[in-house]
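What follows is the residue order along each chain.
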Amino acid sequence: AAGVIQSPRHLIKEKRETATLKCYPIPRHDTVYWYQQGPGQDPQFLISFYEKMQSDKGSIPDRFSAQQFSDYHSELNMSSLELGDSALYFCASSSETKGAVQFFGPGTRLTVL
Amino acid sequence: AQTVTQSQPEMSVQEAETVTLSCTYDTSESNYYLFWYKQPPSRQMILVIRQEAYKQQNATENRFSVNFQKAAKSFSLKISDSQLGDTAMYFCAFDGGSQGNLIFGKGTKLSVKP
């Protein structure tokens, strides 16, 4: 069965640079979630989209933005990167909202030097 | 605000034995969903089991089962016949918001010893 695809899997950036993370949800899933997991931490919700519209926002810095495109893939754009942005970024997709199982991608490991 | 608490940072169990991981949560909602996710060393987040709050019957998936106590706001995970591949970080998660984002506990690191 198809899973959530994230690219790139690993990314190394310098401070103050920008990064773009991509997420391709499971086919026919209309909802995408982004989570950030710092070292030794639990995943923290950043932002979600339903049918290409932002549906909820969590602890996402103003330096970050995201969108969902017409083919349902989503991109997380991160600017003015800081050392503290180094983390594992997960995208998850589901077919509904409340209560539906979220299937997670393998994550993008971002390292900011 | 909804919170999820896992009070056991680390646990270990012998292969083939049974272990129970604890999770409590706080919410004022009556309709919500609870999950256990497993994160092995590969860091992949894998769904273990899901429970709907309005269902009194405890969810079961093969060797994994939960003890859901709604009044006590408790949601523990029991792993029977533990296997070496069960070694992972286990996260309890709550979905109670209208938009469905998950709130995770801090996790319990489970080690299965041969």
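What this report covers is the structure whose coordinates are included nearby. (Residues numbered from 1 in each chain as written. Chains lettered and ligands numbered in written order. Predicted model: local features only at pLDDT ≥ 70, side-chain atom pairs only at ≥ 80, totals over all residues. Heavy atoms only, no water.)

### Notes on the overall build of chain A
Threshold: Runs of H or I in DSSP of at least four residues are treated as helices and runs of E of at least two as strands, each being numbered from the N terminus. The reference for a compact globule is 2.2 Å times residues^0.38; the radius of gyration itself is calculated from the C-alpha atoms. Contact definition: two residues touch when any of their heavy atoms are within 4.5 Å.
When you go through chain A residue by residue, the secondary structure sums to zero helices and 11 strands. Along chain A, helices (α) and strands (β) appear in the sequence β-β-β-β-β-β-β-β-β-β-β when read from the amino end. In terms of overall dimensions, chain A is globule-like: its C-alpha atoms have a radius of gyration of 13 Å, near the 13 Å expected for 113 residues. When the backbone C-alpha atoms are referred to their principal axes, chain A occupies close to 35 × 25 × 25 Å. Within chain A, contacts between residues at least 6 apart in sequence are counted, and of these 53% link residues at least 24 apart.

### Here's the deal with the interface of chain A and chain B
Selection criterion: Summed over both partners, the accessible area (1.4 Å probe) lost when two parts come together is defined as the buried area. One side-chain nitrogen of Lys or Arg within 4 Å of one carboxyl oxygen of Asp or Glu is enough to make a salt bridge. Polar contacts, as used here, are pairs of N or O atoms within 3.5 Å; protein pairs need one atom able to donate a hydrogen and one able to accept it. Residues neighboring in sequence count only if both atoms are side-chain atoms.
Taken together, the contact pairs 21 residues of chain A with 24 residues of chain B. A combined buried area of about 1900 Å² lies between chain A and chain B, and 50% of that area is made up of carbon and sulfur atoms. At the junction of chain A and chain B, the tally comes to one salt bridge. With its nearest N and O atoms 3.2 Å apart, the salt bridge here joins Asp42(A) to Lys106(B). In this assembly, chain A and chain B are joined by seven residue pairs in polar contact (both at pLDDT 80 or more). Among the elements of the structure, β4 (31-37), β6 (53-57) and β9 (87-94) of chain A are those that each provide at least two residues to the side of chain A that touches chain B. Here the element with the most residues in the side of chain A that touches chain B is β4(A); it accounts for three residues.

### Quick look at the nonpolar core
Selection rule: Note on terminology: a nonpolar core comprises buried Ala, Val, Leu, Ile, Met, Phe, Trp, Tyr and Cys residues joined through side-chain atoms within 4.5 Å. Burial classes: relative accessible area under 20% of the type maximum marks a residue as buried, over 50% as exposed, and values in between as partly exposed (1.4 Å probe, protein chains only).
Ranked by size, the top nonpolar core spans 25 residues in total, and within it Tyr25(B), Trp36(B), Phe75(B), Leu77(B) and Tyr90(B) carry the most contacts. Only β3 (19-21), β5 (33-39), β6 (46-52), β8 (64-69), β9 (74-79), β10 (88-95) and β12 (108-113) of chain B provide two or more residues apiece to this core. For this core, the element with the highest residue contribution is β10(B), accounting for four residues. Excluding residues that lie within four positions of it along the chain, Phe75(B) makes contacts with Cys23(B), Tyr25(B), Leu34(B), Phe35(B), Trp36(B), Gln51(B), Val66(B), Asn67(B), Phe68(B) and Cys92(B). Counting 22 residues, the second largest nonpolar core, distinct from the first, contains Ala19(A), Trp34(A), Ile47(A) and Val112(A).

### What to know about the layout of surface pockets
Residues and elements named next belong to chain B. Going by this rule: Cavities and pockets are defined on a 1 Å grid built over the protein atoms alone: a cavity is a set of grid points where a 1.4 Å probe fits but cannot escape, while a pocket is an open set with protein on both sides within 12 Å along at least five of seven lines, and lining residues are those with an atom within 4 Å of any such point. Grid points are joined across faces, edges and corners, and a volume is the space filled by probe spheres set on the points. Think of it as three bins: nonpolar holds Ala, Val, Leu, Ile, Met, Phe, Trp, Tyr, Cys and Pro, charged holds Asp, Glu, Lys and Arg, and polar takes everything else, Gly as well.
Taken as a whole, the largest pocket spans an internal volume of roughly 250 Å³. Along the wall of the largest pocket there are 17 residues; nearest its centre are Gln39, Arg43, Met89, Phe91 and Lys109. Of all the secondary-structure elements, those providing two or more residues to the lining of the largest pocket are β10 and β12. Looking at the lining of the largest pocket element by element, the count peaks at three residues for β10. Residues of the lining of the largest pocket, tallied by class, amount to seven nonpolar, seven polar and three charged.

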